[in-house]
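Chain by chain, the residues:
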Amino acid sequence: MARLIFLILLLHVTLFSNGQQGKEIKIIFTNDLHSRLAGYSPESAYSPLTINDDSTKGGFARIATIIRTEKEAGGTTVVVDAGDFLMGTLFQALEVENGFQLRLMKQMGYDAVAIGNHEFDYGPEKLAAIIGSATQNGSIPDVFLGNIEFDSRDTGDDALELLAEKNILKRSVIIEKDNLKLGIFSLLGKVADENAAFAKPVSFSGQVKAARKIVSELRQQGCDLVICLSHSGVTRYSDNTWGGEDVELAEKVKGIDVIISGHTHTRIDKPIIVKGIPIVQTGEYGQSVGKLLLTRYDDRTEVTGYELIPVDDRIQGDPLINSLIETQKELISEKVLKPAGMSYNTVAGEALFPFECNEQGNFKESNLGPVVADAIQYYVNAHSKEGTDISMVAVGVIRDRIVPGVQAVPDIFRVMSMGSGNNNLPGYPLARLYVTGKELKNVLEILQVAYRKAPENYCFYSGIDMIFDPRAGFMKKIKKIEITGKDGRRSVVGFSKGDTRLYSITANSYMLQFIGIIKKMSFGLINVVPKDAKGNKVQDMKDAVIDMDNTSPGIQEGREWLALYEFIRTMKDNDGDGIPEIMGSELK
């Protein structure tokens, strides 16, 4: 009996002891930062070195303070980002030249950074240049993408492939801290792949297959914990259940301990647990920093703590990080904005109320989309000899809102921040194509339904009025189109095949590629041939870029954000402070 009691007590002590031997890990994480280095909005109010005196959000100086505080608190800490850390502010303009942001993130304390779809906005060769220039000018976090595939027959991704061969761009990484081996890898999801319009010839293999292979390799190398940075995302359904690519990943792949999610800009206030795997995400733009506490036992991993730390004016920013950012602002002013007659702090106007266009919200009622469309119409007609009949902008390329306050150049740029052209100015160039009246009708018919599957395709127009019958059949909904010319005169567009008059459509060069795929979207029923002013077929969208100054040699490219800036500058200064009030569109 005494021996039995002793064995029972020994078993109890052993179990109790094992229960106390868990290894604690703290993961500090971000996602979808989109180069919001200097906080927002507006930037003119951002004061990171003082507290409780502005209402701005985010900012890397504040994030650096949070990271330092969490590391100083002790424990095994790893700091990661789940992708789309680049693209969205003027800071992207010099990234190819000096790779500033990756070096800055290393100084902030990041261990690992995943590649998202927007890192490919300038194409794989320039992404390689960004990473390469960053490594040449300093140290960077581990940068990786687990399911990237290179094209052996195309040289367009050779520079990025070379970085992979040198293990600068990794598929996975093992970080050893406090006698723990943390395996980290990243994935780019299917929807993010579709959104990576300029990634070709790079492609991406299926997440599940790639994840299974990498997880197996990391486990074979003795990793205590496997962290997946998945730039794929989650979806919250109307019944408050969760789905999406990262939920599917957790359901189908064994061996992952935690999924740090990205791409969908979703704020997850409580971890989504799928088959024991926590899925977390902070939202967007560095408004919050995620903190996930885990305890790793021999047979399981448990979530022991979780919070989204607000990045706001209650946090005093790191002086060194802020100083480096201020120096980069000066470089942007000198190298990028000065040739356009601006500086980083040049004021555009003052907003008295919010201007918004959220593709996840009631975008049809946006008060910002129409202003941008009218701004493009004004800008092209003011600077281009040929002008334009119609200007258009899609919800998906409007990337930020305008909040009340004084708006400087960086605030205006954030609204239309995607893309690049052939000069130092960031942003997509404006381009112009010509179509017949019948083709114009077909384009607009398709656009009236395209957004139902993809809200980002919803468009705002300027220079045009339509009579639209939503009850009519497919491709029969538009009954009348009127064009308003520069002189204010209105003309009716003819729809007959015999009407050969051409009408010009202006938008950014990326969006106008949409016209070339109308045939696909209409299941082969409609074929729109984009043309130049003489009626010749446009083979390359670069040939459609508008020259904004015919008196200067070469093509002087325009930008949507420059159009918005100039349009705002034409608005009235009602209070006499020398700053125009942004009161909505004044173009009739």
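We now turn to the structure provided with this report. (Residues numbered from 1 in each chain as written. Predicted model: local features only at pLDDT ≥ 70, side-chain atom pairs only at ≥ 80, totals over all residues. Heavy atoms only, no water.)

With respect to the overall build of the protein chain
Part 1 of the argument: The helix and strand inventory of the protein chain stands at 15 helices and 27 strands.
Part 2 of the argument: In terms of overall dimensions, the protein chain has C-alpha extents of about 105 × 55 × 45 Å along its principal axes.
Part 3 of the argument: Residue pairs in contact within the protein chain that sit at least 24 positions apart in sequence constitute 73% of those at least 6 positions apart.
Part 4 of the argument: Carbon and sulfur atoms provide 49% of the accessible area of the protein chain, an area that totals close to 25900 Å². (Helix = DSSP H or I, 4+ residues; strand = E, 2+ residues; numbered from the N terminus. Contact = heavy atoms within 4.5 Å. Areas by Shrake-Rupley, 256 points an atom, 1.4 Å probe, with all protein chains shown as cover.)

Points about unusual backbone geometry
Part 1 of the argument: With an omega dihedral of -15°, the bond running from Tyr-40 to Ser-41 counts as a cis peptide bond.
Part 2 of the argument: With respect to the element layout, Ser-41 can be found in the loop between β1 (23-30) and α2 (60-72).
Part 3 of the argument: A cis amide bond, omega -15°, links Ser-41 with the succeeding residue Pro-42.
Part 4 of the argument: For Pro-42, the location among the structural elements is in the loop between β1 and α2.
Part 5 of the argument: Even without being a glycine, Asp-32 presents a positive backbone phi close to 50°.

Examining the pairing of strand β2 (residues 76-81)
When a strand is regular, its side chains alternate between the sheet's two faces.
Part 1 of the argument: Across the six residues of β2, six count as buried, placing the element largely inside the fold.
Part 2 of the argument: Judged by which residues are buried, β2 turns out to be covered on both faces: Thr-76, Val-78 and Val-80 on one side and Thr-77, Val-79 and Asp-81 on the other are all buried.
Part 3 of the argument: Note: β1 against β2, six bridges, orientation parallel. Residue Ile-27 lies in a different strand from β2, and its bridge partner there is Val-78.
Part 4 of the argument: Between the parallel pair β1 and β2, the chain is carried across by α2, and the sense of this crossover is right-handed. (Buried < 20%, exposed > 50% of the residue type's maximum accessible area, 1.4 Å probe, protein only. Pairing = 2+ DSSP bridges. Right-handed = clockwise from strand over helix to strand, strands pointing away.)

Thoughts on the sheet that holds strand β17 (residues 301-310)
Part 1 of the argument: With mixed pairing, the seven strands of this open sheet are ordered in space as β6-β4-β3-β2-β1-β16-β17. Here the strands that pair on one side only, and so sit at the sheet edges, are β6 (169-170) and β17.
Part 2 of the argument: Against the sheet, α2 engages β1, β2, β16 (288-296) and β17, with an angle of about 155° to β2. (Axes fitted to C-alpha atoms, helices over the stretch in contact; angles between N-to-C directions.)

Details of the packing of helix α5 (residues 124-137) against helix α6 (residues 158-165)
Helix-helix packing is described using two parameters, namely the angle between the two axes and the distance between the axes.
Part 1 of the argument: Where α5 meets α6, the closest approach of the two axes is 7 Å, and the angle between their N-to-C directions is 45°. The orientation of α5 with respect to α6, classified from their angle, is oblique. Counting all contacts with α5, which are made through Pro-124, Glu-125, Leu-127, Ala-128, Ile-131 and Gly-132, the residues of α6 involved are Asp-158, Ala-159, Leu-160 and Leu-163.
Part 2 of the argument: Broken down by class, the residue content of the contact of α5 with α6 amounts to seven nonpolar, one polar and two charged. (Parallel < 35°, antiparallel > 145°, perpendicular 65-115°, else oblique. Nonpolar A, V, L, I, M, F, W, Y, C, P; charged D, E, K, R; others polar.)

So, the side chain of Ser-391
Part 1 of the argument: The residue Ser-391 is located in strand β19 (residues 390-394) in this model.
Part 2 of the argument: What makes Ser-391 buried here is its relative accessible area of 0%.
Part 3 of the argument: Looking at Ser-391, its side chain comes within polar contact range of the side chain of Gln-377, at 2.6 Å.
Part 4 of the argument: If sequence neighbours within four positions are ignored, Ser-391 has contacts with Ala-373, Ile-376, Gln-377, Phe-460, Tyr-461, Ser-462 and Thr-506. (Polar contact = N/O pair within 3.5 Å; in protein donor to acceptor, adjacent residues only side chain to side chain.)

Thoughts on the sheet that holds strand β25 (residues 490-492)
Part 1 of the argument: Judged by pairing direction, the sheet is antiparallel, and its three strands sit side by side in the order β23-β24-β25 without closing on themselves. The open sheet has two edge strands, β23 (464-468) and β25, and neither has a second partner. Taking each pair of neighbouring strands and ignoring which way they run, the sheet shows an average axis angle of 25°.
Part 2 of the argument: The pairing of β23 with strand β24 (residues 478-484) spans five bridges and is antiparallel. Looking across to β24, one finds that Ile-464 is bridged to Ile-483.

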